[in-house]
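If you want the building blocks of each chain, they are given just below.
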Amino acid sequence: MSDTPPETGTETAPETVPEEPEQGREQEHDPAAAAPLDVPRTPTGDAEVDALLDRLADADHLAADGHVEVYEDVHRGLRDALTALDARPGPPVPTGRPTTAPQ
């Protein structure tokens, strides 16, 4: 170390050490980060439909731009399940003549 004082205007600031985050301190909230939507899903009683609705929980772990794939997959499955209902044979349709009201 020198006994000569530093020149004016050339002094350096003491070295600073970045602070460690305190334990238990909350991290900054990132609105774009994946977060559970916590939307309740009530079972329907139809195993196929319930499985599709459970698939919606996959979106809880994805960023918003990943939700589209999950939603489209679930929508396609629900649409197919509804279409299958139309294909099932139902009760026979009556073929009698329509009745008219008395005049």
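Just above, that's the structure.
My aim in this report is to walk through the structure given alongside it, one point at a time. Just so you know, these numbers come straight off a predicted model, no measurement behind them. (Residues numbered from 1 in each chain as written. Predicted model: local features only at pLDDT ≥ 70, side-chain atom pairs only at ≥ 80, totals over all residues. Heavy atoms only, no water.)

**Some points on the packing of helix 1 (residues 47–55) against helix 2 (residues 67–87)**
Short version of the rule: Only the contacting stretch of a helix is used when fitting its axis, a line to C-alpha atoms as for every element, and angles between N-to-C directions run 0 to 180 degrees. Numbering of helices and strands starts at the N terminus; helices are DSSP runs of H or I of at least 4 residues and strands are runs of E of at least 2. For classification purposes, angles smaller than 35 degrees are called roughly parallel, those larger than 145 roughly antiparallel, those between 65 and 115 roughly perpendicular, and all remaining angles oblique. The criterion used for residue contact is that any of the two residues' heavy atoms lie within 4.5 Å. Ten residues, namely Ala, Val, Leu, Ile, Met, Phe, Trp, Tyr, Cys and Pro, are considered nonpolar, four, namely Asp, Glu, Lys and Arg, are considered charged, and the remaining ones, Gly among them, are considered polar.
Put simply, helix 1 and helix 2 touch, their axes get as near as 9 Å, and they point 170° apart. Considering their axes alone, helix 1 and helix 2 lie roughly antiparallel with respect to each other. For the pair helix 1 and helix 2, contact is made by E48, V49, L52, L53 and R55 and by V70, D73, V74, G77, L78 and A81, respectively. Among the residues forming the contact of helix 1 with helix 2, the class breakdown is 7 nonpolar, 1 polar and 3 charged.

**A closer look at helix 2**
Selection rule: Given the number of residues in a helix, its expected span is that number minus one, multiplied by 1.5 Å. Think of it in three bands: with a 1.4 Å probe and only protein chains considered, a residue is buried below 20% of the maximum accessible area for its type, exposed above 50%, and partly exposed in between. Here the arc refers to the set of directions running from the helix axis out to each C-beta atom.
When the terminal C-alpha atoms of helix 2 are compared, their 31 Å separation across 21 residues agrees well with the 30 Å that a helix rising 1.5 Å per residue should span. Taken residue by residue, helix 2 has H67, V70, V74, G77 and A81 as its buried positions. All buried residues of helix 2 fall inside an arc of 110° around its axis, so they share one side. In helix 2, the exposed residues that point more than 90 degrees away from the buried face are E69, H75, D86 and A87.

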